[in-house]
Structure formats: structure tokens, C-alpha cells
Amino acid sequence: AQAHPTRSSTTGAAHTPARAGMFTELNVAFDADAGAAAPRVLAVVDHLDAPSSWLIAALLGARCDAPQAVVCVAVERAPKELVALARKVAKGARDGARRAVERGACAFVDAHASPYGGAWSVGDGVGDGAVAASASGMPGRELVDAIARAVVDVQRAFRASEPTEPTEPVASSRTCVIIDGTDALEPMAKGAALEKFLDDVYALDEALDVIVCAHGDVGAASAWIDDNADCVIRLEPLKTGSAEDVHGACETTHKTNAFRAEGRARRTRARYAVSELGVKITVAPSST
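As the structure is a prediction and not an experimental result, all values here were calculated from the model.

Undergrad: Can you walk me through the environment of Val70 in this structure?
TA: Positionally, Val70 belongs in strand E2 (residues 69-74). Sequence-wise, Val70 and Leu208 are 138 residues apart; in three dimensions their C-alpha atoms are separated by 9.9 Å.

Undergrad: I tried to follow the state of the cysteines on my own but got confused; where do I start?
TA: By definition, a disulfide links two cysteine residues through a covalent bond between their sulfur atoms. This model, assessed by the stated rule, comprises zero disulfides. You can see Cys106 has no disulfide; the closest cysteine sulfur is in Cys64, sitting 3.8 Å from it. According to the relative accessible area criterion, Cys106 is buried, its value standing at 4%.

Undergrad: Even after reading the chapter, I still don't get the packing of helix H2 (residues 53-65) against helix H3 (residues 79-89), so can you show me in this structure?
TA: Where H2 contacts H3, the two axes come as close as 8 Å, and the packing angle between them is 85°. The angle between the axes of H2 and H3 places the two elements in the roughly perpendicular class. In this structure, H2 uses Ser53, Trp54, Ile56, Ala57, Ala58, Leu60 and Gly61 to contact H3, whose residues at the interface are Glu81, Leu82, Val83, Leu85, Ala86 and Val89. Its residues assigned to classes, the contact of H2 with H3 comprises 10 nonpolar, two polar and one charged.

Undergrad: Please explain the pattern of salt bridges as it appears in this structure.
TA: Close approach of charged atoms allows side chains with opposite charge to pair. Counted by the stated rule, this structure contains 10 salt bridges. Taking the shortest distance from any N to any O, the salt bridge between Lys88 and Glu276 comes out at 2.8 Å. Placement of the pair is Lys88 in helix H3 and Glu276 in the loop between strand E8 (267-275) and strand E9 (278-283), with a sequence separation of 188 residues. Sharing partners across several salt bridges, the network here consists of Arg40, Arg174 and Asp209.

Criteria and cut-off values
- Residues numbered from 1 in each chain as written.
- Predicted model: local features only at pLDDT ≥ 70, side-chain atom pairs only at ≥ 80, totals over all residues.
- Heavy atoms only, no water.
- Helix = DSSP H or I, 4+ residues; strand = E, 2+ residues; numbered from the N terminus.
- Disulfide = S-S within 2.5 Å.
- Buried < 20%, exposed > 50% of the residue type's maximum accessible area, 1.4 Å probe, protein only.
- Axes fitted to C-alpha atoms, helices over the stretch in contact; angles between N-to-C directions.
- Parallel < 35°, antiparallel > 145°, perpendicular 65-115°, else oblique.
- Contact = heavy atoms within 4.5 Å.
- Nonpolar A, V, L, I, M, F, W, Y, C, P; charged D, E, K, R; others polar.
- Salt bridge = Lys/Arg side-chain N within 4 Å of Asp/Glu carboxyl O.

Quick look at the structure:
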């Protein structure tokens, strides 16, 4: 895998509780190094018994509401599912994804459609065409090019709809690309080809935030994440099994300061519970 440059220490402002309480609790600060002229990688690594659907949806809603231009590469979940789930779990940003899609500042790219689908409406599902692959059977440049076009489209729409009122939040100058399930691409892009695909996405824009979702049980992208992630959030089942008020644990590890707010620990743990009312995060008292 191609290892990308790491970052030195940085100062950063904390998120406002109303818009990013969940990610403050999870020790992830998107504005910590937002001015850096380099891509950043946040990896979400889940477990069979601790799935990350709620966290990916919360990230989608929060980044759209930041506000930030967002491209979501839908591999395992339909856009309709992600947007609906974001309305439940994105604390303080429940309608952020839907509003961003409506104004063109958020687009979905179908990783399983041929040709690659570009922007979807919220009501569409994954896989509205045949499985797409290059002549070698790997997603390669075709999917990267579709993501690149979507990035340009959402950036244009985002600039046209930037907040004008002083009371509205300051728009992010970075673009977020969320890859929903790298392991599901593995049958089309084994080993080095999958890493090359992720390298190519990383290199699309200097001001890019890449959020990669991967399954720890599968590990298809584990080497790339080890080499390139600035921050890793690992979701794990409780060793004693789930309880009514706790469903799993999150461990956030900062390898650089790209997503680490000033003064925050490099490693923190929290427990979470998902319900119809949203997600409850309980921060562990100890951290390193």
C-alpha cells in the first residue's frame, strides 16, 4: 500500500455541542486540521456483532450539515436507508443529508451499477444496473472517475448554496468522500487492486476528507488503513454480550492530529446504545 504523509501537531477549535455532540463524545474533531493542504483519512472498522450503519449515517448527516460538500460511494447500503437512518441518529443534523441532496451538495455514486450512476435521488436503491467492472474485473479507474465527477458536481452546487447569513455555520472548504464498505469491493478488486483504488480516491483532491468503512472480520482493507488512516474508530461488541442500555463499544485512536482536537487524548473509549430515539454515547472515564 502507498503510505501517505502524516501530520504534525495542530491547534483546532472544538465542535459546537448542538451540531457535533456525538463526535465530541467519540473524540473526533473535523475542524482540528481543516486548513491542511492534504487529504485526511478517517476509518470506521466494525465487527459482525457491532455493525457501523448508525455511525456511517451519523457521519453522513453531520458532514452534510457542517456544512460540507459530500460524495457517498454506496457499496453496502442504499442511499434511502442512509438518509432515513441519518434522520434518526445524526444528533443536531437530522435533516442535513436530505437537504444537501436536494440542493445538489451531496451525491451518491452507485458502486454496483453500470455505468456508474453519479448522483441519485434519495428514493433510489443500490444496484440499479449490472455489476460494474473494468475489463480486468476490477472497479479501477471507471469508479474513481465517477467519484471524481461527483466531487466536481457537489463542489459546484455547494459553492452556489454556501450560507450567506452571519448566523449560519461557516462552510467547510473541504470535500468529504464516504466509501460505505470497502470489503464489498474486494471480490472485484483483490489485494493490491483495492489498495490502488483507495490510493486513487485519496489523490483526487488535496482538500479531501476520506471516510472509509471496513469490516474487521474481513480485513480486505486493513493494510491500507494501517498505512494511511489518520484516525480509526473501531466498533466492538461487549465482551459480556449486549445489554438493554449498551449495545457495543467504540475505541477512537488518533495516529496523527488531523482529527484530534487540541488537548484531547490520542485514544479514548465509549459505549453506545442505538434505539428508535437515536444513539446514546457514554464516554469511558479512562483514556490514554
